Amino acid sequence: MSADPAPGLRHRWHRVGDYDELTRRVQRRNAELVARLHPEPGPVRSAYEIGCGTGNLTAALVRALPAARIDAVDVSAPMLAEAARKPWPQRVRFARAAFPDVPVRRRYEAVFSNAALHWMHADYPRVFATIAALLVPGGVACLAVAARTAGTDAFEADLAARLPAAVPRAGLESFARARRTADEVAGLAEAAGLAVADAFVVERRAVLPAGAYARWWVASGGPWAGGDGPRDPAGVIAAGLGGPDAPVELVHASVLAVLQRPEPG
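Residues numbered from 1 in each chain as written. Predicted model: local features only at pLDDT ≥ 70, side-chain atom pairs only at ≥ 80, totals over all residues. Heavy atoms only, no water.

Description of the overall build of the protein chain
Okay, so step 1: A count of helical and extended segments in the protein chain gives 10 helices and seven strands.
Okay, so step 2: Looking at the protein chain residue by residue over its 265 residues, the buried ones come to 52%.
Okay, so step 3: Long-range contacts, defined as pairs at least 24 residues apart, comprise 79% of the intrachain contacts of the protein chain with a sequence gap of at least 6.
Okay, so step 4: Total accessible area computed for the protein chain in this model is approximately 11,600 Å², and 54% of it derives from carbon and sulfur atoms. (Helix = DSSP H or I, 4+ residues; strand = E, 2+ residues; numbered from the N terminus. Buried < 20%, exposed > 50% of the residue type's maximum accessible area, 1.4 Å probe, protein only. Contact = heavy atoms within 4.5 Å. Areas by Shrake-Rupley, 256 points an atom, 1.4 Å probe, with all protein chains shown as cover.)

A closer look at the packing of aromatic side chains
Working definition: an aromatic ring pair is given by the centre-to-centre distance plus the angle between the planes.
Okay, so step 1: Applying the stated criterion across every chain yields a total of seven aromatic pairs.
Okay, so step 2: Ring centres of Trp88 and Phe94 lie 5.3 Å apart, and the angle between their planes is 65 degrees; on these two criteria the pair is classed as edge-to-face.
Okay, so step 3: Note on Tyr124 and Phe128: the rings are 5.7 Å apart at their centroids and 65 degrees apart in plane angle, and the pair reads as edge-to-face. In this pair, Tyr124 and Phe128 both sit in helix H5 (residues 124–134), four residues apart, roughly one turn of the helix. (Phe/Tyr/Trp six-rings, centres within 6.5 Å; stacked < 30°, edge-to-face > 60°.)

Description of unusual backbone geometry
Okay, so step 1: Put simply, Phe99 and Pro100 share a cis peptide bond, and its omega is 5 degrees.
Okay, so step 2: Inspection of the secondary structure assignment puts Pro100 in the loop between strand E3 (92–96) and strand E4 (108–114).

Points about the sheet that holds E4
Strand pairing within a sheet occurs via backbone hydrogen bonds; the two strands may be parallel or antiparallel.
Okay, so step 1: An order of E3-E2-E1-E4-E5-E7-E6 is seen for the seven strands of this open sheet, with the pairing classed as mixed. The outermost strands of the open sheet, each flanked by one partner alone, are E3 and strand E6 (195–209). Strand-to-strand twist in this sheet, taken as the mean axis angle between neighbours without regard to direction, amounts to 15 degrees.
Okay, so step 2: By the bridge criterion, 14 bridges tie E6 to strand E7 (residues 247–260) in an arrangement that is antiparallel. Within E7, the position partnered with Ala195 by the bridge is Gln260.
Okay, so step 3: Each of E6 and E7 touches helix H6 (residues 150–162); the most contacted strand, E7, lies at about 140 degrees to it. (Pairing = 2+ DSSP bridges. Axes fitted to C-alpha atoms, helices over the stretch in contact; angles between N-to-C directions.)

Remarks on the environment of Leu135
Okay, so step 1: Take Leu135: it is sitting in strand E5 (residues 135–146).
Okay, so step 2: Separated by 87 residues in the primary sequence, Leu135 and Tyr48 place their C-alpha atoms 9.1 Å from one another.
Okay, so step 3: Ignoring anything within four residues of it in the chain, the contact list for Leu135 reads Arg107, Tyr108, Glu109, Ala110, Val111, Val140, Ala141, Leu194 and Arg261.

Some points on the nonpolar core
Okay, so step 1: If you look at the biggest cluster of nonpolar residues, it comprises 30 residues, and the most contacted ones within it are Tyr48, Phe99, Leu117, Phe128 and Ile131.
Okay, so step 2: When contributions to this core are tallied by element, the ones reaching two or more residues are strand E1 (46–50), E4, H5, E5, helix H8 (182–191) and E7.
Okay, so step 3: Broken down by element, this core gets its largest block of residues, six residues, from H5.
Okay, so step 4: Every residue in contact with Phe99, bar those within four places of it in the chain, is listed here: Tyr48, Ile50, Met120, Val127, Thr130, Ile131 and Leu134.
Okay, so step 5: Ranked by size, the runner-up nonpolar core spans 28 residues in total, among them Ile70, Ala72, Ala83 and Ala144. (Core = buried A, V, L, I, M, F, W, Y, C linked by side-chain atoms within 4.5 Å.)

Here's the deal with helix H9 (residues 210–219)
Okay, so step 1: By the criterion of burial, H9 is predominantly enclosed, with eight of the 10 residues buried.
Okay, so step 2: Those residues of H9 not exposed but buried are Ala210, Gly211, Tyr213, Ala214, Trp216, Trp217, Val218 and Ala219.

A few points about the pattern of salt bridges
Pairing of side chains with opposite charge becomes possible as their charged atoms draw close.
Okay, so step 1: Under the definition given, this model contains 12 salt bridges.
Okay, so step 2: Where Arg69 meets Asp71, a salt bridge forms, and the shortest distance between an N and an O atom there is 3.5 Å.
Okay, so step 3: Judged by relative accessible area, which is 28%, Arg69 ranks as partly exposed.
Okay, so step 4: Taking relative accessible area as the criterion, Asp71 reaches 9% and is therefore assigned buried.
Okay, so step 5: For Arg205, the salt bridge is made with Glu203, and the minimal N-O distance between the two is 3.3 Å.
Okay, so step 6: Residue Arg205 is classed as partly exposed on the basis of its relative accessible area of 48%.
Okay, so step 7: Bridged by salt links that share partners, the residues Glu32, Arg36 and Arg63 form one connected network. (Salt bridge = Lys/Arg side-chain N within 4 Å of Asp/Glu carboxyl O.)

Quick word on the confidence of the model for the protein chain
Okay, so step 1: Averaged over all residues, the pLDDT of the protein chain is 87; the fraction at 70 or higher stands at 88%.
Okay, so step 2: Below pLDDT 50 for its whole length, residues 1–14 participates in 38 contacts with residues either more than four positions away or in separate chains. (pLDDT = per-residue confidence, 0-100.)

Re the environment of Ala122
Okay, so step 1: By secondary structure assignment, the location of Ala122 is in the loop between E4 and H5.
Okay, so step 2: Distance from Ala122 to Ser174, taken between C-alpha atoms, is 9.8 Å for residues 52 residues apart in sequence.

Some thoughts on the packing of H5 against H8
Okay, so step 1: In contact at an axis separation of 8 Å, H5 and H8 are set at 60 degrees when each is read in the N-to-C sense. In terms of axis orientation, H5 runs oblique to H8. For the pair H5 and H8, the crossing hand works out as right-handed. Contacts between H5 and H8 involve Tyr124, Pro125 and Phe128 from the first element and Val185, Leu188 and Ala189 from the second.
Okay, so step 2: Of the residues assigned to the contact of H5 with H8, the class counts are six nonpolar, no polar and no charged. (Parallel < 35°, antiparallel > 145°, perpendicular 65-115°, else oblique. Left-handed = near helix turned anticlockwise from the far one by under 90°. Nonpolar A, V, L, I, M, F, W, Y, C, P; charged D, E, K, R; others polar.)

Dropping the structure here:
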């Protein structure tokens, strides 16, 4: 793992161990799907992963891209440390970096990202431009970002109505602003000079106990950032949702996109 390239890097992840445990139900399924979006994975020799976290997508890429060297980056040192504890082949390398503020020193045949780009939604045009810059002509990007659907809108409205007043709404509102439709993702890609081979939405629903959902939400960055919340933030959230055993119907939606940097001429 490389040295910290910028000591001021900030991230939102609070409970890395919880994140790795609690996201496996949805994020690992998404990771397997993203890893298999590439139309011709066998010949790929170089791949770049944005927002690798604890390595769910990285592991799927190792299986899906048998000949590729994989450079994986993330902004969170604790997430990278968790990833580094797992066994990896020598062709996988991790580094700390705050995308899209990364040096484009080389180009890759493929770029992948799962459940990371929406945290950069305020800078989406530059995010997609940097993805384009990282690709060789003809290279393919396979991405999953938070999707906006009628189901996610209803879920977020219900959650906001049920939460106690002590829970900040900023985290919910910020994530709602991060969501995009498939057409909006396609528009961002095309503005960056990328051709859209496919863009579609996958929506999943799961009923979780409020206690498990609250731990997941806290583990993945909200609603309190930087450790400025109560001593037991998950407990406060779960209590507001009716107690740790109360059911919460989670609606998880992603835009899956396959993009290509056009060949010259």
